[in-house]
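What follows is the residue order along each chain.
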Amino acid sequence: AQSVSQHNHHVILSEAASLELGCNYSYGGTVNLFWYVQYPGQHLQLLLKYFSGDPLVKGIKGFEAEFIKSKFSFNLRKPSVQWSDTAEYFCAVNGGSSASKIIFGSGTRLSIRP
Amino acid sequence: NAGVTQTPKFQVLKTGQSMTLQCAQDMNHEYMSWYRQDPGMGLRLIHYSVGAGITDQGEVPNGYNVSRSTTEDFPLRLLSAAPSQTSVYFCASRTQVAHGYTFGSGTRLTVV
């Protein structure tokens, strides 16, 4: 069964610092990869997604992610975070025989010090 | 365009009671899913559907039933509520396999 691992449970950064959140998945076939964000008290919103083509994907609010197939990774990055980026971030994957369902990681809580 | 609508937003149940969480979408999406969100565990898939009349189990289906009689509606039934089912429940829909989900605003359920 496919699975998703997010290594950092809680990340604390100062404003203007660079961000990288790790995500690894277990499935070896063709996959679709997603990053979602959940702001405090709100539901999940899609940040970006990878289906095929350019492994560097750009999303909303200055976020980007790089798909590295050899490492089964899809790390989320942002060059300079803002206080408003305080949220929980979830990596998700679907693919192969499980293409009809999306499996989520356990999430990374990001706290930004003003 | 309302998107994905979940009702109720909050609910308190006693152990052993049953109830149905409602989910409706007006985007003509084929795929719908129910997740529960618990601290430190992310979102876990309960049940999902790839179209009207077709449902399947996710990662944590025990204690829950679903049906999909129409494209728009995907209710989640708790058969006999247990304190372990205290959680926030999210319904989500999408149009194709490769597309991301649109989420509802969630139902916060407490079982006492």
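Notes on the structure in this doc start here. Predicted model, so just to flag it, every value in this text is computed and none were measured. (Residues numbered from 1 in each chain as written. Chains lettered and ligands numbered in written order. Predicted model: local features only at pLDDT ≥ 70, side-chain atom pairs only at ≥ 80, totals over all residues. Heavy atoms only, no water.)

## What to know about the sheet that holds strand S3 (residues 19–25) of chain B
Residue and element names in this part refer to chain B.
So, point 1. On the basis of which strands lie adjacent, the open sheet formed by four strands has the order S1-S3-S8-S7 and antiparallel pairing. Strands with a single pairing partner mark the edges of an open sheet, and in this sheet they are strand S1 (4–7) and strand S7 (64–66). With strand direction ignored, the average angle separating the axes of adjacent strands in the sheet is 20°.
So, point 2. Relative to strand S8 (residues 76–78), S7 runs antiparallel, the two sharing three bridges. From the neighbouring strand, Asn-65 faces S8, where its bridge partner is Arg-77. (Pairing = 2+ DSSP bridges. Helix = DSSP H or I, 4+ residues; strand = E, 2+ residues; numbered from the N terminus. Axes fitted to C-alpha atoms, helices over the stretch in contact; angles between N-to-C directions.)

## Some remarks on the nonpolar core
So, point 1. Leu33(A), Trp35(A), Leu47(A), Leu48(A), Phe74(A), Leu76(A) and Tyr89(A) are the most contacted members of the largest nonpolar core, which totals 28 residues.
So, point 2. Of all the elements in the fold, those that place two or more residues in this core are strand S2 (10–14), strand S3 (19–21), strand S5 (31–38), strand S6 (45–50), strand S8 (64–68), strand S9 (73–78), strand S10 (87–95) and strand S12 (108–113) of chain A.
So, point 3. Filtering out sequence-adjacent residues up to four positions away, Leu48(A) remains in contact with Leu33(A), Phe34(A), Trp35(A), Val57(A), Lys58(A), Gly59(A), Phe63(A), Glu64(A), Ala65(A), Phe74(A) and Leu76(A).
So, point 4. Of all hydrophobic cores here, the second largest spans 18 residues; its members include Leu13(B), Met32(B), Leu76(B) and Tyr89(B). (Core = buried A, V, L, I, M, F, W, Y, C linked by side-chain atoms within 4.5 Å. Buried < 20%, exposed > 50% of the residue type's maximum accessible area, 1.4 Å probe, protein only. Contact = heavy atoms within 4.5 Å.)

## Considering the pairing of S2(A)
The side chains of a regular strand alternate, residue by residue, between the two faces of the sheet.
Residue and element names in this part refer to chain A.
So, point 1. Where burial is concerned, the two faces of S2 differ: the one with Val-11 and Leu-13 is buried and the one with His-10, Ile-12 and Ser-14 is not.
So, point 2. Relative to S12, S2 runs parallel, the two being bridged by five bridges. Looking at S12, one finds that Leu-13 is bridged to Ile-112.

## Quick notes on the state of the cysteines
Any covalent bond linking the sulfur atoms of two cysteines counts as a disulfide.
So, point 1. Evaluation of the coordinates by the stated rule reveals two disulfides over all chains.
So, point 2. Two residues share a disulfide in this structure: Cys23(A) and Cys91(A), whose sulfurs sit 1.9 Å from each other. Because the torsion about its S-S bond is -65°, the bridge between Cys23(A) and Cys91(A) counts as left-handed. Here Cys23(A) is found in the loop between S3 and strand S4 (24–25), whereas its partner Cys91(A) is found in strand S10, with 68 residues between them in sequence.
So, point 3. Judged by its relative accessible area of 0%, Cys23(A) is buried.
So, point 4. Across a sulfur-sulfur distance of 1.9 Å, Cys23(B) and Cys91(B) are joined as a disulfide pair. Disulfide Cys23(B) to Cys91(B): torsion about the S-S bond roughly -70°, handedness left-handed. Within this pair, whereas Cys23(B) is found in strand S3, its partner Cys91(B) is found in strand S9 (residues 87–94), the two being separated by 68 residues in sequence. In terms of burial, Cys23(B) and Cys91(B) fall into one category: buried. (Disulfide = S-S within 2.5 Å.)

## Some thoughts on the packing of aromatic side chains
Two measures describe an aromatic ring pair: the distance that separates the ring centres and the angle between the ring planes.
So, point 1. On inspection of all chains with the given rule, the structure shows 16 aromatic pairs over all chains.
So, point 2. For the ring pair Tyr50(A) and Phe74(A), a centre distance of 6.5 Å and an interplane angle of 50° mean the geometry is tilted. Here Tyr50(A) is found in strand S6, whereas its partner Phe74(A) is found in strand S9, with 24 residues between them in sequence.
So, point 3. With a centroid separation of 6.3 Å and 85° between ring planes, the pair formed by Phe90(B) and Phe103(B) is classed as edge-to-face. In this pair, Phe90(B) sits in strand S9 while Phe103(B) sits in strand S10 (residues 102–103), placing the two residues 13 residues apart along the sequence. As far as burial versus exposure is concerned, Phe90(B) and Phe103(B) are alike and both buried.
So, point 4. Three or more aromatic residues link up through ring pairs in this structure, and these residues are Phe34(A), Tyr36(A), Phe51(A), Phe104(A), Tyr35(B), Phe90(B), Tyr101(B) and Phe103(B).
So, point 5. Lying across the ring of Phe74(B), Arg68(B) places its NZ or CZ 6.0 Å from the centre.
So, point 6. Here Arg94(B) stacks its cationic end above the ring of Tyr101(B), 5.0 Å away from the centre of that ring. (Phe/Tyr/Trp six-rings, centres within 6.5 Å; stacked < 30°, edge-to-face > 60°. Lys NZ or Arg CZ within 6 Å of the ring centre and 35° of its normal.)

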